[in-house]
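If you want the building blocks of each chain, they are given just below.
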Amino acid sequence: MIRRGHSPVGFTLIELVVTVAIVALLSTVAFPLAEVVVKRSKEQELRLALREIRSALDAYMQAVEEGRIAHSADQSGYPESLSVLVEGVPDASSPDRKTRLYFLRRIPRDPMFSDPTRPDEETWGKRSYASSHDAPEEGEDVYDVYSLAPGIGLNGISYRYW
């Protein structure tokens, strides 16, 4: 059966070009916004990881001050490494001394660190109690941690100083 007087069904070339142009314009706006969303998400992970490690370091120091962790007078009272927070330490206040104190289940990874082959503990810069805030250096203990990522956050502050 042949239809007469009807126009062919479909899109004209001009309609297709206009549609492609609109989609291209929208994608040029959407991609940078998507990158900002991904960066903001990683920065939130970084904040949470730093808070978790720093809280564990503070809890370790509090346990030392309470006498639950044995240490000598010439030590700062902070752990020798981040792995101590996961492996645990003997509880000096327990009668059998077999009970261990744990401060972290695992060491969180720095989400901004670029090398996926390095262990989680090595993704963080460590500052000893004896080093200055301006020029943090590793030492006999871990007083604080910072990101080794070279970038600058959305807030304009280098990740190293978070």
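Up top you'll find the structure we're talking about.
The sections below set out a description of the structure shown in this document. Note that the structure is predicted; figures quoted are calculated from it, not measured.

### A look at helix α1 (residues 13-65)
At step 1: Across its 53 residues, α1 extends 78 Å between first and last C-alpha, which sits within 8% of the 78 Å expected from 1.5 Å per residue.
At step 2: By the burial criterion, the buried members of α1 are Glu-43, Leu-46, Ala-49, Leu-50, Ile-53, Ala-56, Leu-57, Tyr-60, Met-61, Ala-63 and Val-64.
At step 3: Against the buried residues of α1 lie α2 (83-87), β1 (89-90), β2 (100-101), β3 (124-127) and β4 (144-147).
At step 4: Remark: Gly-67 follows α1 within two positions and exhibits a positive phi of approximately 85°.

### Structural notes on the side chain of Ser-81
At step 1: Here Ser-81 is to be found in the loop between α1 and α2.
At step 2: The buried category is assigned to Ser-81, whose relative accessible area is 18%.
At step 3: In this view, Ser-81 contacts Glu-121 and Val-142; residues no more than four positions away in its chain are not counted.

### Description of the pairing of β4
Regular strands show a simple pattern: their side chains alternate between the two faces of the sheet.
At step 1: Judged by which residues are buried, β4 turns out to be covered on both faces: Asp-144 and Tyr-146 on one side and Val-145 and Ser-147 on the other are all buried.
At step 2: Note: β3 against β4, four bridges, orientation antiparallel. Within the sheet, the bridge partner assigned to Gly-125 lies in β4 and is Tyr-146.

### Examining the pattern of salt bridges
At step 1: For the structure on display, the rule yields four salt bridges.
At step 2: Among the ionic pairs, Asp-120 bridges to Arg-109, the shortest N-O distance being 2.9 Å. A residue pair is termed long-range when its members are at least 10 positions apart, and Asp-120 in the loop between β2 and β3 and Arg-109 in the loop between β2 and β3 qualify at eleven residues.
At step 3: Measuring nitrogen to oxygen at the nearest pair gives 2.9 Å for the salt bridge that ties Arg-118 to Glu-122.
At step 4: Judged by its relative accessible area of 36%, Glu-122 is partly exposed.

### Comments concerning the nonpolar core
At step 1: With 25 residues, the main nonpolar core has Tyr-60, Ile-69, Leu-82, Leu-85, Phe-103 and Trp-124 as its most contacted residues.
At step 2: Of all the secondary structure elements, the ones that give two or more residues to this core are α1 and α2.
At step 3: Counting residues per element, this core draws most heavily on α1, at nine residues.
At step 4: Leave out the neighbours within four places in its chain, and Phe-103 touches Ala-56, Ala-59, Tyr-60, Ala-63, Ile-69, Leu-85 and Val-89.

Calculation criteria
- Positions within a chain are numbered from 1, following the residues in the order the chain's sequence is written.
- Only residues with pLDDT of at least 70 get local features here, since the model is predicted, and only at 80 or more are side-chain atom pairs given and counted; chain-wide, interface and lining totals rely on the full set of residues.
- Neither water nor hydrogens contribute to the side-chain values; these are computed over all heavy atoms in the structure.
- Only DSSP runs of H or I covering at least 4 residues are called helices, and only runs of E covering at least 2 are called strands; the numbering of each starts at the N terminus.
- An expected span of 1.5 Å times one less than the residue number is assigned to each helix.
- Only protein chains enter the accessibility calculation, which uses a 1.4 Å probe. A residue is then buried if its area is under 20% of the maximum for its type, exposed if over 50%, and partly exposed in between.
- The contact definition used throughout considers only heavy atoms, calling two residues in contact when any of these lie within 4.5 Å.
- At least two bridges found by DSSP between two strands are what make those strands a pair.
- The term salt bridge refers to a pairing of a side-chain nitrogen on Lys or Arg with a carboxyl oxygen on Asp or Glu at a separation within 4 Å.
- Nonpolar cores were defined as sets of buried Ala, Val, Leu, Ile, Met, Phe, Trp, Tyr and Cys residues, with membership established by side-chain atoms within 4.5 Å.

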